[in-house]
Amino acid sequence: MRTRPLKVALLGCGVVGSEVTRIITTQSHDLAERIGAPIELAGIAVRRPNRVREGVPTELLTTDATALVKRGDLDVVVEVIGGIEPVRTLITTAFEHGASVVSANKALLAADGASLHAKAVEHGVDLYYEAAVAGAIPLIRPLRESLAGDKVNRVLGIVNGTTNFILDKMDSSGAGYSEALDEATALGYAEADPTADVEGFDAAAKAAILAGIAFHTRVTIDDVHREGITEVTAADIASARNMGCTVKLLAICERALDGRSVTARVHPAMIPLSHPLASVREAYNAVFVEAEAAGRLMFYGPGAGGAPTASAVLGDLVAACRNKLAATTGAGESAYTRLPVSPMGDVVTRYHISLDVADKPGVLAQVATVFAEHDVSIDTVRQQGKDGEASLVVVTHRALDAALSATVSSLRKLDTVRGVASIMRVEGE
Ligand code: HSE
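In terms of helices and strands, the protein carries 14 helices and 17 strands. Taken against the 2.2 N^0.38 rule, which gives 22 Å for 429 residues, the C-alpha radius of gyration of the protein at 24 Å falls within 12% of a compact globule. Its C-alpha atoms give the protein principal-axis dimensions of roughly 85 × 45 × 35 Å. Out of the 429 residues in the protein, the part that is buried amounts to 53%. Put simply, 73% of the contacts in the protein that link residues at least 6 apart link residues at least 24 apart. Counting only carbon and sulfur atoms, one obtains 50% of the accessible surface of the protein, whose full area is about 18200 Å².

Next up, the structure:
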């Protein structure tokens with residue numbers, strides 16, 4: 001084994017960073033054997049050096065992250081700060097000074113992955129980010145390396161644990177959205193400001209990263225259609241149950257049937273209880289990958305938390321260190337297909353629509369005509385009358401999202417339609 005250690009710096013030492021430090025220091029012998037050289041922690045950049053961090057050597061702490069990444073003797077920089085700036089500049093500076101980077105930063109990768117990859121290539125170093133998507137679940141490396149010889153057509157997953165916990169609670173207890181969110185907050189699953197999770201931003205960033213890698217193209221978070229779970233009601237969950245379905249916040253990345261474009265979207269959807277994703281409970285994540293030769297693969301596990309995220313970071317760190325030792329780099333970005341990302345209107349799927357209508361002769365025919373006029377074929381209709389009004393649940397066959405939107409706009413204009421109570425896509429069939 002080489003005795004000169006590989007020098008590693010850490011940017012950020014919160015929940016994940018502390019766990020990364022703990023593993024580096026307590027598992028040093030095994031890590032050295034696996035890499036072929038020992039790891040030396042060269043410095044840890046933090047904002048608040050006086051905070052108590054169990055097991056973190058205080059002599060390594062610094063508040064000057066810029067000076068740390070400019071040292072020039074670092075082999076790998078591990079970034080677990082999050083956010084766009086100053087992290088983008090710090091990562092770029094680390095590359096310029098010859099260090100590979102391991103990051104858990106989905107927001108930055110989803111916003112600007114292409115230019116970071118280009119910088120890494122320019123400086124002959126690695127950029128790894130397994131921890132950015134679905135915590136401990138190996139997903140980036142299987143897509144980038146194990147499936148590099150296959151053709152991935154679809155990635156369908158639950159990539160946000162907070163929203164899965166909330167929807168699971170609503171499903172299992174009949175609770176409304178606010179009640180389930182309160183429980184998620186009390187148990188520490190939801191942050192004080194849950195916007196990034198419940199509005200789908202977190203999942204959209206992960207969808208962008210997955211779509212880019214799966215289809216060998218470039219997808220940013222701005223390309224991802226996003227709807228959160230704040231409008232999902234107990235009635236939607238009950239309706240899903242009636243259909244033998246449950247509601248999940250899904251990230252869906254698809255190659256168009258003609259192969260000429262891709263789509264990426266995040267929204268709540270009904271999926272059949274028989275689908276493997278339906279049994280993903282609490283805050284777990286799971287991702288279904290459909291590839292031409294491999295068929296259907298499912299990846300399942302904890303998508304967040306200090307130790308699971310640190311596991312993914314450490315895997316990347318070992319890979320980056322091995323490459324440094326071999327004076328090489330691993331698989332980088334592959335975006336050669338340059339497939340455009342189509343808008344949501346081009347997506348084809350099924351829909352569940354709940355309408356409140358007047359209960360009188362001809363209304364059902366009127367509603368059905370509107371669907372037909374927009375070329376949206378109805379699969380099933382269920383009607384329940386109550387005091388001269390009726391609730392109508394229409395489930396369609398597969399239709400263009402743009403056609404469905406036009407249908408709903410026209411339905412809203414009918415005097416006999418009192419309101420469109422909910423529209424939800426039906427996936428996974
Ligand atoms: N907040 C995320 C989740 C974890 O709830 O899954 C970090 O991406």
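The discussion continues.
This next bit is on the site of the ligand. Around the ligand sit K106, N160, G161, T162, D197, D202, K206 and A304, and those are all the residues in its vicinity. G161 places a polar main-chain atom, nitrogen or oxygen, 2.7 Å from an oxygen atom of the ligand. D202 places a polar side-chain atom, nitrogen or oxygen, 3.0 Å from an oxygen atom of the ligand. Notes on the ligand: free accessible area 260 Å², of which the protein chains cover 81%. Taken together, the elements giving at least two residues each to the shell around the ligand come down to helix 7 (161-173) and helix 10 (201-215). Among the residues making up the shell around the ligand, the classes are represented as 1 nonpolar, 3 polar and 4 charged.

Attention now moves to the domain arrangement of the protein. In terms of domains, the protein is made up of domain 1 (6-135 + 306-326), domain 2 (140-302) and domain 3 (344-426). Here domain 1 and domain 3 have C-alpha centroids that lie 51 Å from each other.

The next point concerns the packing of aromatic side chains. Enumeration over the complete set of coordinates arrives at 2 aromatic pairs. Where Y284 meets Y300, the ring centres are 5.3 Å apart and the plane angle is 5 degrees; that geometry is what we call stacked. Residue Y284 is located in strand 11 (residues 284-291), and its partner Y300 is located in strand 12 (residues 295-302); the two are separated by 16 residues in the primary sequence. Classification of Y284 as partly exposed rests on a relative accessible area of 35%.

Attention shifts here to the side chain of S342. Note on placement: S342 falls in the loop between helix 12 (306-325) and strand 13 (348-358). A distance of 3.0 Å separates a polar atom in the side chain of S342 from a polar atom in the side chain of S261. Those residues within four positions of S342 in sequence are excluded, and the remaining contacts are S261, V262 and T263.

This part is about unusual backbone geometry. Of the consecutive residues E85 and P86, the connecting peptide bond is found in the cis state with omega at 10 degrees. Relative to the assigned elements, P86 resides in the loop between strand 4 (76-79) and helix 4 (87-96). Not every positive phi belongs to a glycine, and E282 is a case in point at roughly 50 degrees. For E282, a relative accessible area of 39% gives the class partly exposed.

Let us now look at the nonpolar core. Judged by nonpolar contacts, the single largest core of 78 residues is most densely connected at V77, V152, I166 and I209. Considering every element that reaches this core, the biggest residue donor is helix 10, with 11 residues. Counting residues domain by domain, this core receives three or more from each of domain 1 (6-135 + 306-326) and domain 2 (140-302). Not counting residues within four places of it along the chain, the set of residues in contact with I209 comprises K106, L109, A110, Y129, A132, V133 and I140. Core analysis: the second largest hydrophobic core is formed by 33 residues, L6, V16, L31 and V102 among them.

This next bit is on the pattern of salt bridges. Enumeration over the complete set of coordinates arrives at 26 salt bridges. With a closest N to O distance of 3.9 Å, E183 and K169 form a salt bridge. With a gap of 14 residues between them, E183 in helix 8 (residues 177-186) and K169 in helix 7 connect regions that are remote in the sequence. Judged by its relative accessible area of 34%, E183 falls in the partly exposed class. One salt bridge connects R418 with E389, and the closest N-O pair in it is separated by 2.9 Å. Residue R418 is found in strand 17 (residues 417-426), and its partner E389 is found in strand 15 (residues 389-396); the two are separated by 29 residues along the sequence. Accessibility expressed as a relative area gives 47% for R418, which makes it partly exposed.

Turning to helix 11 (residues 234-242), its buried residues number three or more, namely D236, I237, S239 and A240. With its buried residues spanning 160 degrees around the axis, helix 11 presents them on a single face. Turned more than 90 degrees away from the buried face of helix 11 sit A235 and N242, all of them exposed.

Before going further, it helps to spend a moment on the pairing of strand 14 (residues 378-386). Sheet topology note: the strand 14/strand 15 ladder contains 8 bridges and is antiparallel. Each bridged residue has a counterpart across the sheet, and for R382 the counterpart in strand 15 is V393. Adjacent in sequence and paired antiparallel, strand 14 and strand 15 are bridged by 2 residues, among which D387 carries a positive phi angle near 50 degrees.

Turning our eyes to something else, we now look at the environment of L6. Among the secondary structure elements, L6 is positioned in strand 1 (residues 6-11). A relative accessible area of 1% places L6 in the buried class. Remark: the alpha-carbon pair of L6 and A104, spanning 98 residues in sequence, is separated by 20 Å. Those residues in contact with L6 that sit more than four places away from it in its chain are I35, A37, P38, I39, E40, D75, C321, K324 and L325.

What counts, and at which threshold
- Residues numbered from 1 in each chain as written.
- Predicted model: local features only at pLDDT ≥ 70, side-chain atom pairs only at ≥ 80, totals over all residues.
- Heavy atoms only, no water.
- Helix = DSSP H or I, 4+ residues; strand = E, 2+ residues; numbered from the N terminus.
- Rg over C-alpha atoms; globule rule 2.2 N^0.38 Å.
- Buried < 20%, exposed > 50% of the residue type's maximum accessible area, 1.4 Å probe, protein only.
- Contact = heavy atoms within 4.5 Å.
- Areas by Shrake-Rupley, 256 points an atom, 1.4 Å probe, with all protein chains shown as cover.
- Near = heavy atom within 4 Å.
- Polar contact = N/O pair within 3.5 Å; in protein donor to acceptor, adjacent residues only side chain to side chain.
- Nonpolar A, V, L, I, M, F, W, Y, C, P; charged D, E, K, R; others polar.
- Domains from an automatic or database assignment.
- Phe/Tyr/Trp six-rings, centres within 6.5 Å; stacked < 30°, edge-to-face > 60°.
- Core = buried A, V, L, I, M, F, W, Y, C linked by side-chain atoms within 4.5 Å.
- Salt bridge = Lys/Arg side-chain N within 4 Å of Asp/Glu carboxyl O.
- Arc of directions from axis to C-beta.
- Pairing = 2+ DSSP bridges.

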